[in-house]
Amino acid sequence: MKDIFTQFIDELAKESGQYALCEAVKQGYKVRCEAIKASKDISVEDVQQMLDDGVDLSDYMEDDSEDEDYRRIFINNKINFVRDGKLLSKQWFDSTPYHIGEATTVKLNGKENLMDNDGNLLSEQWFDKVWSLDEYGIAKVKLNDKYNLLARDGKLLSNQWFDSVWNFDKYGHAKVKLNGKENLIDTNGNLLSEQWFGEVEDFKNGFAKVRLNGKENLIDTNGNLLSDQWFDSIFNYFVGGFAIVGLNRKDNFIDTNGNLLSDQWFDRVWDFNEYGIAEVRSKHNSGYDIYNFIDTKGNLVFNKWFDLVGGFYKGVAKVIIDGNKERFIDTKGNINVVNPLRYTDV
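On a predicted model such as this, the values are computed, not experimentally measured, just so you know.

Participant: When you look at the pattern of salt bridges in this model, what are you seeing that I'm missing?
Facilitator: A side chain of one charge can pair with a side chain of the opposite charge if their charged atoms are brought near each other. Counted according to the given criterion, the structure contains 18 salt bridges. Between Asp-128 and Lys-111 there is a salt bridge, with the nearest N and O atoms lying 2.3 Å from each other. With Asp-128 in the loop between β7 (111-116) and β8 (129-130) and Lys-111 in strand β7, this residue pair connects regions lying 17 residues apart in the sequence. Take Lys-111: its relative accessible area is 28%, and that puts it in the partly exposed class. Of the charged contacts, one joins Lys-318 and Glu-326 as a salt bridge, the two residues approaching to 3.9 Å between their closest N and O atoms.

See below:
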């Protein structure tokens, strides 16, 4: 029967004192459905006996299940699965997905649970909402507007229920939120840090950015803060082995051990390039911008500052020096090198 006739059939069933065999059709599932009498022509208790007796109940099953081993069966607006001629579960449900997976969401009386491939419910507790198991075998659950995480063994990861829970990342951590503060939880249910933060970002290159009271820091996968110093901003961690940190409108670099690269702070710094040096900008005593480069040991590459610098190409860059003089530099700190290129853009 086509989905477009479902509403008509349901109305007809109500008027004639019959039940619509399959509520799932209203959700767009391709199921072979018929109206059956309300006088319980078939009861859910009798279904297994009928299957054992070889009674053909195919009229009450899906025509084209996505999983050949499992077929949904619809009796008196309740749903179950049939596998190898046996009902998968002793419990009948109000709704289930179209196919069964590692753990399938089932719904009963407005609550949800997960059922494994053998028909066992993962949890004795029912929830308002259950999400699918992730790659770690953990599912997010919701109850009374709070969130937790349910492991494959049916145990909740935490005794604490949270205001929000995010998905686990590739490092095995999920962000959680409680009372306006954020933290990270691992797959064993342990909070990553004893400290709660105003905001926690996703891990990237082994670190997650955290914010607290308008300042920023980085936290590693063991819950350690990168630095005792909190910064106004942190960017691009860790491109070329360093992150850019900002404090009091000045920039510097910090390494993965929490060490600042330079004793000098700059007006602006850029990421390290393929040659292992980074452009930095400072101010001349007269107030105009001047430029240099810094290496990964914190040393300025050139003993002279430039008025303007271009990007390096094949190890050579053009600079403006002493107001209007064009020169070419290499990555070793040499000035006035021969330019073998047609290099005109600064």
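Participant: Before we go on, may I ask you to explain the packing of aromatic side chains in this structure?
Facilitator: Between two aromatic rings, the relevant description is the distance of the centres plus the angle of the planes. The full count for this structure, using the stated rule, is 14 aromatic pairs. On the numbers, 6.4 Å between centres and 90 degrees between planes, the contact of Tyr-70 with Phe-81 is edge-to-face. Of the two residues, Tyr-70 is situated in the loop between α2 (44-52) and β3 (71-75) and Phe-81 in strand β4 (residues 78-83); the sequence distance between them amounts to eleven residues. What links up through ring pairs into an aromatic cluster is the set Tyr-275, Phe-293, Phe-302, Phe-306 and Phe-312. Seen from the ring of Trp-131, Lys-129 lies directly overhead, with NZ or CZ sitting 5.6 Å from the centre. A cation sits over an aromatic face here: Lys-175 above Trp-166, 4.4 Å from the ring centre.

Participant: Would you mind showing me how to read the sheet that holds strand β12 (residues 173-178) here?
Facilitator: Hydrogen bonds between backbone groups are what pair the strands of a sheet, and the pairing can be parallel or antiparallel. Strand order in the open sheet formed by three strands is β11-β12-β13, and the pairing between neighbours is antiparallel. Each edge of the sheet is formed by a strand with only one pairing partner; in this case those strands are β11 (164-168) and β13 (181-186). Strand-to-strand twist across the sheet, computed as the mean angle between neighbouring axes with direction ignored, equals 20 degrees. Strand direction decides the pairing type here: β12 and β13, joined by six bridges, are antiparallel. Pairing of Lys-175 across the sheet is with Leu-184, part of β13.

Participant: Would you mind showing me how to read the side chain of Ser-227 here?
Facilitator: For Ser-227, the location among the structural elements is in the loop between β16 (215-220) and β17 (233-239). A distance of 2.9 Å separates a polar atom in the side chain of Ser-227 from the backbone nitrogen of Gln-229. Dropping the residues within four chain positions of it, Ser-227 is found in contact with Asn-217 and Ile-254.

How each quantity is defined
Residues numbered from 1 in each chain as written. Predicted model: local features only at pLDDT ≥ 70, side-chain atom pairs only at ≥ 80, totals over all residues. Heavy atoms only, no water. Salt bridge = Lys/Arg side-chain N within 4 Å of Asp/Glu carboxyl O. Helix = DSSP H or I, 4+ residues; strand = E, 2+ residues; numbered from the N terminus. Buried < 20%, exposed > 50% of the residue type's maximum accessible area, 1.4 Å probe, protein only. Phe/Tyr/Trp six-rings, centres within 6.5 Å; stacked < 30°, edge-to-face > 60°. Lys NZ or Arg CZ within 6 Å of the ring centre and 35° of its normal. Pairing = 2+ DSSP bridges. Axes fitted to C-alpha atoms, helices over the stretch in contact; angles between N-to-C directions. Polar contact = N/O pair within 3.5 Å; in protein donor to acceptor, adjacent residues only side chain to side chain. Contact = heavy atoms within 4.5 Å.

Worth remembering: the numbers are spatial, not functional.
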